[in-house]
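Residues per chain are reported as follows:
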Amino acid sequence: MKTIFLAFIVLSLAMSCSSSDPEPEPNQESPIIEEETNDPPPEEKCYIVNKDGLLIIEGESFELKGKWRIVEDDKATGGKYIEYYGSNSYQSQNLDNEISVKFKVDAAATYLVRWYMRQPDEAEGDKSNDVWIYFPGNIGLARHNGEDVTLEHYEKFVSRGKGEFTYGGALDMHNPKYSSWMRVRFPAAGEYILKICARSEFFQLDKLVLSTGMPDGDAETRSKTLSETIKCE
Ligand SMILES: [Ca+2]
């Protein structure tokens, strides 16, 4: 009786070993090797880049949050623009409605900052025609009394246009009050960020147009129907 019982224990131990031990090893090794051979190539990353002196950034490429939305419209490049549908924020920035976009430039250069924007048809005068704008790293520049002014925080950026998306855009500075073209000086090739914060309700942005090495009129003509350039690497 004792012998049979011992034999039963030995047998059941042997069975439990044989059923649990050998299995994991071959199962764990072979599928992993197979997965490695089937791995896709490293994931491509795509960037908005400059091309032929123009760095175009579509409004719809911004990472939207708060009360910004994309609207489809054949009049807009890429068939889309973005609209701010929250309330006015004239005195300061409400960061709930701050949006940003990343892009790359391939060389150190200074660009003029312009845009294609539109006011809604029913907007009076200078309503719905501006945003707060800022390039992190304090690389934005204004010009005052013949001197460059480094832009260290958000400033008001403004223009006018109705019906068609209209080329324009200038800084409206306060303390002291003056207006200025806006430029951005990229110190080296690399990745940069542009931030926009909502200021006026129902403002519409088709695209930003940054240009270098050409007259502003050329930048306007060349960018009118041109969309952003995307490069994947
Ligand atoms: Ca657009």
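Draft legend 1. Looking closely at the overall build of the chain. The helix and strand tally for the chain stands at 3 helices and 17 strands. Across the chain, the fraction of contacts at a sequence separation of at least 24, relative to all contacts at a separation of at least 6, is 74%.

Draft legend 2. Representation of the environment of S159 in the model. With respect to the helices and strands, S159 occurs in the loop between β10 (155-158) and β11 (166-168). Linking S159 and L171, residues 12 residues apart in sequence, is a C-alpha distance of 9.0 Å. The contacts of S159, once residues within four sequence positions are left out, are M117, N129, T166, G168, G169 and A170.

Draft legend 3. Representation of the pairing of strand β9 (residues 147-151). Where strand β8 (residues 140-144) lies against β9, 5 bridges are found, and the strand directions are antiparallel. Bridge pairing links H144 to E147 in β9.

Draft legend 4. Spotlight on the nonpolar core. Of all hydrophobic cores here, the largest spans 43 residues; its most connected members are L55, I57, V131, I196, L208, V209 and L210. Element by element, the count of residues in this core is highest for strand β6 (residues 109-118), at 5 residues. Once you skip the residues sitting within four places of it in the chain, L208 turns out to touch I56, I57, V113 and W115.

Draft legend 5. How the structure looks around unusual backbone geometry. Residue P176 follows N175 across a cis peptide bond; omega there is -5 degrees. Structurally, P176 is set in the loop between β12 (170-173) and β13 (178-180). One non-glycine residue, D52, lies in the positive phi region at around 55 degrees. Locating D52 in the fold gives a position in the loop between β1 (46-49) and β2 (54-58). A positive phi is found at N145, a non-glycine position, where the angle reads about 50 degrees. With respect to the helices, strands and loops of the structure, N145 is situated in the loop between β8 and β9. Assessed through the 7 C-beta atoms surrounding it within 10 Å, N145 is described here as exposed.

Draft legend 6. Region of interest: the environment of G217. By the secondary structure assignment, G217 is in helix α3 (residues 216-223). Between the C-alpha atom of G217 and that of Y167, which follows or precedes it by 50 residues, the distance is 9.8 Å.

Draft legend 7. Broad picture of the pairing of strand β5 (residues 98-105). Residues of β5 alternate between two faces, with I99, V101, F103 and V105 buried on one and E98, S100, K102 and K104 left unburied on the opposite face. Note that β5 and strand β15 (residues 190-198) share 8 bridges and pair antiparallel. Residue pairing for β15: K104 is matched across the bridge by E191.

Draft legend 8. Representation of the confidence of the model for the chain. Taken as a whole, the chain shows an average pLDDT of 89; of its residues, 84% reach a score of 70 or greater. Overall, residues 4-24 carries pLDDT values under 50, and its contacts beyond four positions in sequence, including any with other chains, amount to 0 contacts.

Definitions and cut-offs
- Residues numbered from 1 in each chain as written.
- Predicted model: local features only at pLDDT ≥ 70, side-chain atom pairs only at ≥ 80, totals over all residues.
- Helix = DSSP H or I, 4+ residues; strand = E, 2+ residues; numbered from the N terminus.
- Contact = placed C-beta atoms within 7 Å.
- Pairing = 2+ DSSP bridges.
- Core = buried A, V, L, I, M, F, W, Y, C linked by C-beta atoms within 7 Å.
- Buried ≥ 20, exposed ≤ 12 C-beta atoms within 10 Å, placed from the backbone.
- pLDDT = per-residue confidence, 0-100.

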